[in-house]
Amino acid sequence: MNSVHRSVLFSALDRYAGLVLFFVSTAVLSRLLTPGEFGVYAVVNALTAIIAAAFQEFGGANYLIQKRELSHGTIRTAFTITLGISLAIALILLATADVVSRLLAQDSLRHGIEVSALNLVFIPVSGTLIALFRRDMQFSTLAICNFASNMAVALVSIGLAVLNFSYMAPIWGSVAGSVVLTALLLRCYRDLNVLRPSLSEYRDVLEFGLYSCGVSVINVFYNLAPQLFLARILDLTAVGLYSRAINLTQVFDRLVTQVVNPIIMPAIVSQRAAGADLKGVYLDAVQLLSAVQWPFLTFVALMAKPIVLIWLGGAWLEVVPLVRILCLANLALFAACLSYPVFLAVGCVRDALVSSFISLPPSLLALLGASFFGVEAVAACALLTLPYQAAVAIYYLSPHLALRPSEFGRALLKSCVVTIATVSGVAACAVLIEAGTLSFVVGLVTAMVVAAFCWLWGLIVTRHPLLAHLRQAASGLLEMAPRLRLSRSVP
């Protein structure tokens, strides 16, 4: 098992452990908090996420990972700039929390914003150390730290919700997770001199940060804007419903994209340094991702009702049509996680910013207009905006890779066949569930088994390249098993 596959394995263990905690805590909190209470948390989280994205790119993970030669001075400068901006923004948030709550006509937001601002104090330390661990491919250490942090978030959130802390329960939970994560990272990283203040290389950090920050902020703002629009134009119940639909739609991101995301940037940078053909790397990655994302999203769309009933409960059935619409819209984003790393690898972060400015402002205007027609209209708007964004990103990326449309089509053909094979089996199960032949629980389990069989059959029939990676991963796990048994037997 090479270093990339080993990194993927530990990253997967990290993400899947966090996903289990997410599923459990979400199921419990959905029964302790109302959609309106969850809507307050979603709006607070949206505001702080947008702000955090703004300053993290000034010396954040992307800067530290893409840097060819990383000195102590570079790391210290990146940390210092991030820390300074973070503390300034935290103070601004505390001072303007009341103004923001009045602007959104939601008085309950003020206390949530004030507490959530505490997270910004810890992000510079944890963000810098996480980037260094990722650059060195030390994902086993990150897995342990992230699991402890996620456990703290879940336990504190559920515990406070039981004690009737309402929407403040998950907000305090996120603060607890930040504290635990930062403490463990500080304990694991030996050379804490990298956190000493310095501005020796500020020009390079700021030059990269200006473009990278623009890309990050506009993308994060676009992703969270529907929740802010719905909070201002409709109500917090609509925000809660839309946020839950997004959570369910993004399960694929938690299962797959977030597993490979930490590895994509260092892997592409290393491929570039080795002189590899980035077009081939990109097309291979597109082929692998689409063969997993498309079948998964179509499965969730068809099985949305039983999933919502079992996971969230009957009070959240209004989420079902939103989930189905958003799953179909997100089919267009099969290559989204690759675009920005490849732009960085070819040295064209400016084009990443230009493509975002071309695609996202019109999309935001469309979302704003749809907000006046209800939460389902906002979800339906994604059927137009997401394919448009994907097309613009590919258009700007193609010249740098000498990528032709025909090559793109050939890379996706086998994944289309695999998706059709998967959908045919799941659709039959959906019909049986709606007819009452199968209960929701039995039907969902049956659909999962059928989907796995049809998906694997599709991979075999098309001789999809993903099969080779699955075999390699399986052989790597088999090789590791005897070593694990031996290590346990040694006193």
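Just above sits the structure.
Since we're looking at a predicted model, the values are computed, not measured. (Residues numbered from 1 in each chain as written. Predicted model: local features only at pLDDT ≥ 70, side-chain atom pairs only at ≥ 80, totals over all residues. Heavy atoms only, no water.)

1. Quick word on the nonpolar core
Defined as follows: Buried residues of nine kinds, namely Ala, Val, Leu, Ile, Met, Phe, Trp, Tyr and Cys, make up a nonpolar core once their side-chain atoms join them within 4.5 Å. Partly exposed describes any residue whose relative accessible area lies between the buried limit of under 20% and the exposed limit of over 50%, with all areas from a 1.4 Å probe on protein chains only and scaled to the type maximum. Working rule for contacts: check all heavy atoms of both residues, and any pair within 4.5 Å makes them a contact.
Ranked by internal contacts, the top residues of the largest apolar core, which has 78 residues, are Val43, Tyr242, Leu248, Phe299, Met303 and Val323. Excluding residues that lie within four positions of it along the chain, Tyr242 makes contacts with Pro226, Gln227, Leu230, Leu322, Leu326, Val375, Val378 and Ala379. Among the nonpolar cores identified, the runner-up in size contains 25 residues, and Leu338, Ala345, Val349 and Leu401 belong to it.

2. What to know about a nonpolar patch on the surface
For clarity, the threshold we go by: Nonpolar side chains (Val, Leu, Ile, Met, Phe, Trp, Tyr) are joined into patches within 5 Å and like charges within 9 Å, using only residues with over 30% relative accessible area and no salt bridge. For accessible areas, the Shrake-Rupley method is used with a probe of radius 1.4 Å. Any residue's cover is judged against the shown protein chains and nothing else. Should a side-chain nitrogen of Lys or Arg be within 4 Å of a carboxyl oxygen of Asp or Glu, the pair is scored as a salt bridge. Every helix listed is a DSSP run of H or I at least four residues long, and every strand listed is a run of E at least two residues long, numbered separately from the N terminus.
A cluster of nonpolar side chains, namely Val20, Val24, Val28, Leu32 and Val162, defines an oily patch on the protein surface of about 390 Å² accessible area. Counting through the fold element by element, Val162 comes out in helix α7 (residues 139-162).

3. Here's the deal with the environment of Leu412
Positionally, Leu412 belongs in helix α18 (residues 405-434). In this structure the C-alpha to C-alpha distance between Leu412 and Leu288, which are 124 residues apart in sequence, comes to 9.1 Å. Excluding its chain neighbours within four sequence positions, the residues that come into contact with Leu412 are Val286, Ser290, Trp294 and Phe334.

4. Things to note about the pattern of salt bridges
Evaluation of the coordinates by the stated rule reveals three salt bridges. Lys279 is the salt-bridge partner of Glu407, the closest N and O atoms lying 3.0 Å from each other. One end of the pair, Glu407, is in helix α18; the other, Lys279, is in helix α12 (residues 278-302), with 128 residues separating them in the sequence. Of the two residues, Glu407 and Lys279, both sit in the buried class. Residue Arg404 is joined to Glu407 by a salt bridge in which the shortest nitrogen-to-oxygen separation is 3.4 Å. Looking at Glu407, the relative accessible area reads 12%, which means it is buried. Several salt bridges share partner residues, and in doing so they unite Lys279, Arg404 and Glu407 into one network.

5. Thoughts on the packing of helix α16 (residues 349-371) against helix α17 (residues 375-401)
Condition: Axis definition: a line fitted to C-alpha atoms, over the contacting stretch in the case of helices. Angles run 0 to 180 degrees between N-to-C directions. Any angle that is under 35 degrees is reported as roughly parallel, and any over 145 degrees as roughly antiparallel; angles of 65 to 115 degrees are reported as roughly perpendicular and all others as oblique. The nonpolar class holds Ala, Val, Leu, Ile, Met, Phe, Trp, Tyr, Cys and Pro. Asp, Glu, Lys and Arg form the charged class, and all remaining residues, Gly among them, are polar.
At their nearest, the axes of α16 and α17 sit 9 Å apart, and the two run at 170° to each other. Classed by the angle they form, the pair α16 and α17 counts as roughly antiparallel. Contacts between α16 and α17 pair Asp351, Val354, Ser355, Ile358, Ser359, Leu360, Pro362, Ser363, Ala366, Leu367, Ala370 and Ser371 from the former with Ala377, Val378, Cys381, Thr385, Tyr388, Gln389, Val392, Ala393, Tyr396 and His400 from the latter. Looking at side-chain class alone, the contact of α16 with α17 contains 14 nonpolar, seven polar and one charged residues.

6. Some thoughts on α18
At 3.6 residues per turn, the α-helix brings residues three or four places apart onto the same side. Condition: Expected helix span is computed as 1.5 Å times (number of residues minus one). Here the bend at a residue is taken as the angle between two axes, fitted respectively to the seven residues that end there and the seven that start there.
Across its 30 residues, α18 extends 40 Å between first and last C-alpha, which sits within 8% of the 44 Å expected from 1.5 Å per residue. In the structure, α18 departs most strongly from a straight axis at Leu412, where the bend amounts to approximately 30°. Directly after α18, the chain includes Gly436, whose backbone phi takes a positive value near 85°.

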